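# Fold and geometry: a report
Now for the letters of each chain:
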Amino acid sequence: RVPFYETPEDRAQERSVGRHLSKAWDVDIWSFTPHTTTGDLLLGRENELKAICEVKTRNNPIAQYETYIISRNKLERISQAAETFNTKGLLVVRFDDCLRWHDAQAALDYPTEVGGRYDRGDHNDIELMVHIPIEKLRKVKNGDYKRSTY
């Protein structure tokens, strides 16, 4: 059995990001059932699914690192689900100072290396990781803000 690490704080951050995306992109936000491993939010407009969205939170300013690192497997699952439902797969990252996004399928073209988290002692945290150049993450409209405004 794979451990489950998502916390109530993670879900609160996803809801907060969802509210921001709803205003910025004029979409409705439909939440996945907790404990799903493919996406965090569904974005829709006029009752039509527009995107499956994976939301990540980083507790650092965007300029701290040259790349954003994410599980290749996670990007592949989002991309596959988006293809299945004929929609877009998006990665949305909330940094301390901004909100950015990238197309999940396109992100699979960036360099991939073995890496991950070592702080939890979980061998499942070590896997192929995609390194997305920070400058390739696109700005969400009105996406510059301080974390405290969340």
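Look up a bit, the structure's there.
The following paragraphs examine the structure supplied in this document. Owing to the predicted nature of the structure, the values given are computational and were not obtained by experimental measurement. (Residues numbered from 1 in each chain as written. Predicted model: local features only at pLDDT ≥ 70, side-chain atom pairs only at ≥ 80, totals over all residues. Heavy atoms only, no water.)

Bringing the overall build of the protein chain into the picture now. Per the secondary structure count, the protein chain includes three helices and nine strands. Taken across its 150 residues, the protein chain has 43% of its residues classed as buried. By sequence separation, contacts in the protein chain at least 24 residues apart represent 59% of the contacts at least 6 residues apart. Accessible surface computed for the protein chain: about 8,900 Å², of which carbon and sulfur atoms make up 49%. (Helix = DSSP H or I, 4+ residues; strand = E, 2+ residues; numbered from the N terminus. Buried < 20%, exposed > 50% of the residue type's maximum accessible area, 1.4 Å probe, protein only. Contact = heavy atoms within 4.5 Å. Areas by Shrake-Rupley, 256 points an atom, 1.4 Å probe, with all protein chains shown as cover.)

What follows deals with the pattern of salt bridges. Under the defined criterion, the tally for this structure stands at five salt bridges. Put simply, Asp96 and Arg94 hold a salt bridge, and the shortest N to O gap is 3.4 Å. Taking the relative accessible area as the measure of exposure, Asp96 reaches 23% and is therefore partly exposed. The network of salt bridges with common partners includes Glu54, Lys56 and Lys74. (Salt bridge = Lys/Arg side-chain N within 4 Å of Asp/Glu carboxyl O.)

Let us look at the environment of Asn86. The residue Asn86 is located in the loop between helix 2 (72–84) and strand 5 (88–94) in this model. Spatially, the C-alpha atom of Asn86 lies 8.8 Å from that of Lys50, the residues being 36 residues apart in sequence.

This part covers the nonpolar core. Tyr68, Ile70, Leu75, Phe95 and Ile132 are the most contacted members of the largest nonpolar core, which totals 20 residues. When residues of this core are traced back to their parent elements, those giving at least two are strand 4 (67–71), helix 2, strand 5, helix 3 (104–107) and strand 8 (126–133). Counting residues per element, this core draws most heavily on helix 2, at three residues. Ignoring anything within four residues of it in the chain, the contact list for Leu75 reads Ile70, Ala104, Ala107, Leu108 and Val130. Of all hydrophobic cores here, the second largest spans 14 residues; its members include Val17, Ala24, Leu43 and Ala51. (Core = buried A, V, L, I, M, F, W, Y, C linked by side-chain atoms within 4.5 Å.)

Within the secondary structure, Phe85 is located in the loop between helix 2 and strand 5. Sequence separation between Phe85 and Leu49 is 36 residues; the distance between their C-alpha atoms is 8.2 Å. If we ignore the near neighbours within four places in the chain, the residues touching Phe85 are Leu49 and Ile52.

Taken together, the side chains of Val114, Ile126 and Leu128 define a hydrophobic patch exposed on the protein surface, amounting to about 250 Å² of accessible area. Within the secondary structure, Val114 is located in strand 7 (residues 112–116). (Patch = residues over 30% accessible without salt bridge, like charges linked within 9 Å, V, L, I, M, F, W, Y side chains within 5 Å.)

Time to look at the layout of surface pockets. Rolled over the atoms, a probe as big as a water molecule pinpoints where empty space is left. By volume, the second largest pocket is sized at about 190 Å³. Surrounding the second largest pocket, Trp25, Val27, Leu43, Arg45, Lys50, Ala51, Lys88, Leu90 and Trp101 form its lining. Of all elements in the fold, only strand 2 (41–45), strand 3 (48–57) and strand 5 reach the threshold of two or more residues within the lining of the second largest pocket. Partitioned by chemical class, the residues of the lining of the second largest pocket number six nonpolar, no polar and three charged. (1 Å grid on protein atoms, 1.4 Å probe; cavity = no way out; pocket = protein on both sides within 12 Å on 5 of 7 lines; lining within 4 Å. Points joined across faces, edges and corners; volume = space filled by probe spheres on them. Nonpolar A, V, L, I, M, F, W, Y, C, P; charged D, E, K, R; others polar.)

Within the secondary structure, Asn60 sits in the loop between strand 3 and strand 4. Judged by its relative accessible area of 11%, Asn60 is buried. When residues no more than four places from it in sequence are discounted, the contact partners of Asn60 are Tyr65, Phe95 and Asp96.

This part is about unusual backbone geometry. Here Asn47, not a glycine, exhibits a phi torsion of approximately 60 degrees, which is positive. Mapping Asn47 onto the fold places it in the loop between strand 2 and strand 3. We classify Asn47 as exposed; its relative accessible area is 72%. You will see that Asn86, though not glycine, has its phi angle at about 50 degrees, which is positive.

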